[in-house]
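# Notes for the structure review
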Amino acid sequence: MLRLRSTVDAAGGSCLKNESSVVSFVRHRAAVWVVLAAGVLGAAARAQTCTTQAAMGAGMRQALAGSALALASAIKGNDAARVESMADHDLAANFDATAYIVHTNAAKIANDTLQVTQVYELDASARKTGDTTEAGEVDFACPLRGTTDEVDFAISGLPPGVYGFVMVEAAGDRPWLLSFLLEQQGSGWKMAGIYPHARTAAGHDGLWYWTTARAAAKAGHKWLAWVLYDEADQLLRPANFATSTHLDELRAERHTNAPSELSDGVSEATPLVIQGRAGAEFHVIDLGSAGTDDGKGMDLILHYKAETLTDPAAETARNAAAAGALLAAHPELREDFTGISVFAETEGRPPFATELGMGEVK
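What comes next is a walk through the structure. A quick note: this is a predicted structure, and the numbers were derived from the prediction, not measured. (Residues numbered from 1 in each chain as written. Predicted model: local features only at pLDDT ≥ 70, side-chain atom pairs only at ≥ 80, totals over all residues. Heavy atoms only, no water.)

### Focus on the overall build of the protein
Within the protein, the secondary structure is distributed over 9 helices and 15 strands. Every one of the 362 residues in the protein was classed for burial, and the buried ones make up 51%. Here the analysis covers contacts within the protein between residues at least 6 apart in sequence; of these, 66% occur between residues at least 24 apart. A total of about 15600 Å² of accessible surface is found on the protein, and carbon and sulfur atoms cover 52% of it. (Helix = DSSP H or I, 4+ residues; strand = E, 2+ residues; numbered from the N terminus. Buried < 20%, exposed > 50% of the residue type's maximum accessible area, 1.4 Å probe, protein only. Contact = heavy atoms within 4.5 Å. Areas by Shrake-Rupley, 256 points an atom, 1.4 Å probe, with all protein chains shown as cover.)

As structure tokens, this is what we get:
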């Protein structure tokens with residue numbers, strides 16, 4: 001069974017992409033929370049410990065679960081004032097972004113049933129400020145009782161203290177996850193981070209995307225597999241700073257089955273160059289997917305580096321050309337997606353976004 005460690009809301013259209021950016025702001029707590037799992041724990045990492053819910057005392061488990069469930073209930077009720085009262089100083093002092101998350105997620109879980117599913121206590125009270133790994137992260141290793149599996153958290157810039165990480169599932173027509181980072185203050189707990197996202201996309205969960213990616217890779221459709229593995233990863237991780245034995249297996253499998261052009265990943269440092277018409281080149285820095293707003297479909301998400309244009313019509317045409325170049329080079333990507341959202345990343349300004357149905361891409 002896959003041990004869940006799921007995602008942040010990644011989005012299809014430009015509207016949801018904006019929400020994703022806001023989620024990112026709240027995640028970072030004014031640039032404090034930044035993420036991805038570290039590998040081997042160093043000496044500094046031993047200054048902190050993780051206790052899973054199976055090993056946790058009943059009082060601690062109930063306190064963490066109760067605080068997270070109260071936060072999730074306030075979000076479900078669209079009660080931003082209540083959430084603000086339960087936020088720590090950093091979030092409360094810059095609450096607009098969090099309020100936006102409350103309002104947008106309230107409608108998505110309004111009729112859902114809430115249940116706490118995972119609880120972790122992250123104790124960093126013994127460490128000194130500045131004690132981190134070489135990557136600047138504060139690491140917590142959480143061995144799961146009765147198994148060789150492990151959950152790991154790697155949080156950048158975490159101050160000394162006692163924290164909790166709690167996952168609250170919202171069960172309904174479209175399953176949703178609300179994960180919370182809580183900070184102990186006195187005898188209570190305050191919200192230090194919130195990480196909401198869908199549990200399914202186009203009606204399928206992360207395990208389905210993992211299995212389907214594996215089948216696509218076996219059939220030789222490696223570009224499609226690359227995107228589907230990423231979608232599985234998004235749906236199965238509860239926050240970007242959390243990983244697990246099973247997610248590590250998924251990521252290793254994705255790397256093994258990657259097309260040669262993507263073996264080193266895609267980023268600003270290692271862009272993928274795609275040739276377009278009339279000698280045009282598009283330097284792709286991110287390629288992924290996201291569920292549509294209604295949860296019924298999947299869109300490709302394409303980000304590429306571009307020079308600034310002053311004419312919106314020209315920018316729209318360039319984005320359409322980028323989409324066309326990608327799908328001409330890899331037509332298998334047309335079959336499993338309803339559309340494509342293209343983001344031209346230009347220095348010094350927000351990305352220029354264009355949403356296209358697959359039938360519109362020439």
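### Remarks on the nonpolar core
Judged by nonpolar contacts, the single largest core of 45 residues is most densely connected at Leu300, Leu333, Phe337 and Ile340. Of the residues forming this core, the biggest block, 10 residues, is contributed by helix α7 (residues 222-236). In this view, leucine 300 contacts Val227, Gly288, Ser289, Leu327, Leu333, Phe337, Gly339, Ile340, Ser341 and Met358; residues no more than four positions away in its chain are not counted. If you look at the next biggest cluster of nonpolar residues, it comprises 32 residues, including Leu64, Phe95, Ile109 and Val168. (Core = buried A, V, L, I, M, F, W, Y, C linked by side-chain atoms within 4.5 Å.)

### Some details on the sheet that holds strand β2 (residues 113-123)
Strand order in the open sheet formed by 5 strands is β1-β2-β5-β6-β7, with antiparallel pairing between adjacent strands. Strand pairing shows two members of the sheet lacking a second neighbour, β1 (49-52) and β7 (188-198), which therefore form its edges. Adjacent strand axes in the sheet meet at a mean angle of 25 degrees, parallel and antiparallel pairs treated alike. Summarising the sheet, strand β6 (residues 176-185) and β7 pair through 10 bridges and their orientation is antiparallel. Note on β7: the bridge partner recorded for phenylalanine 180 is isoleucine 194. Contacts from helix α2 (residues 58-76) reach β2, β5 (162-171), β6 and β7, with the element oriented near 130 degrees to β2. (Pairing = 2+ DSSP bridges. Axes fitted to C-alpha atoms, helices over the stretch in contact; angles between N-to-C directions.)

### Overview of the pairing of strand β11 (residues 272-275)
Burial along β11 is one-sided: Leu272 and Ile274 are buried, and none of Val273 and Gln275, which face the opposite way, are. In this structure, β11 lies alongside strand β12 (residues 281-291), joined through 4 bridges in antiparallel fashion. Note that in β12 the partner of valine 273 across the bridge is histidine 283.

### With respect to the side chain of glutamine 48
Counting through the fold element by element, glutamine 48 comes out in the loop between α1 (14-28) and β1. Its relative accessible area of 6% is what places glutamine 48 among the buried residues. Within the local environment of glutamine 48, its side chain forms a polar contact with the backbone oxygen of aspartate 139, the two atoms lying 2.9 Å apart. Those residues in contact with glutamine 48 that lie beyond four places of it in its chain are Asp123, Ala124, Arg127, Val138, Asp139 and Phe140. (Polar contact = N/O pair within 3.5 Å; in protein donor to acceptor, adjacent residues only side chain to side chain.)

### Describing α7
Look at α7: 21 Å from first C-alpha to last across 15 residues, which is about the 21 Å you get at 1.5 Å a residue. Taken across its 15 residues, α7 has 14 buried, putting it largely inside the fold. (Expected span 1.5 Å × (residues − 1).)

### Brief notes about unusual backbone geometry
One non-glycine residue, asparagine 78, adopts positive backbone phi at about 60 degrees. Here asparagine 78 shows up in the loop between α2 and α3 (80-85). Despite not being glycine, alanine 278 shows a phi value in the positive range, around 55 degrees. Along the chain, alanine 278 falls in the loop between β11 and β12. Looking at alanine 278, the relative accessible area reads 88%, which means it is exposed.

### Digging into the packing of helix α6 (residues 206-218) against α7
It is the contact of α6 with α7, at a shortest axis distance of 8 Å, that shows an interaxial angle of 165 degrees. The angle between the axes of α6 and α7 places the two elements in the roughly antiparallel class. In this structure, α6 crosses over α7, and the sense of that crossing is left-handed. Residue-level inspection shows Gly206, Leu207, Tyr209, Trp210, Thr212, Ala213, Arg214, Ala216 and Ala217 of α6 in contact with α7, the latter providing Leu224, Ala225, Leu228, Tyr229, Glu231, Ala232, Leu235 and Leu236. By residue class, the composition of the contact of α6 with α7 is 13 nonpolar, 2 polar and 2 charged. (Parallel < 35°, antiparallel > 145°, perpendicular 65-115°, else oblique. Left-handed = near helix turned anticlockwise from the far one by under 90°. Nonpolar A, V, L, I, M, F, W, Y, C, P; charged D, E, K, R; others polar.)

Shape descriptors only; they carry no functional weight alone.
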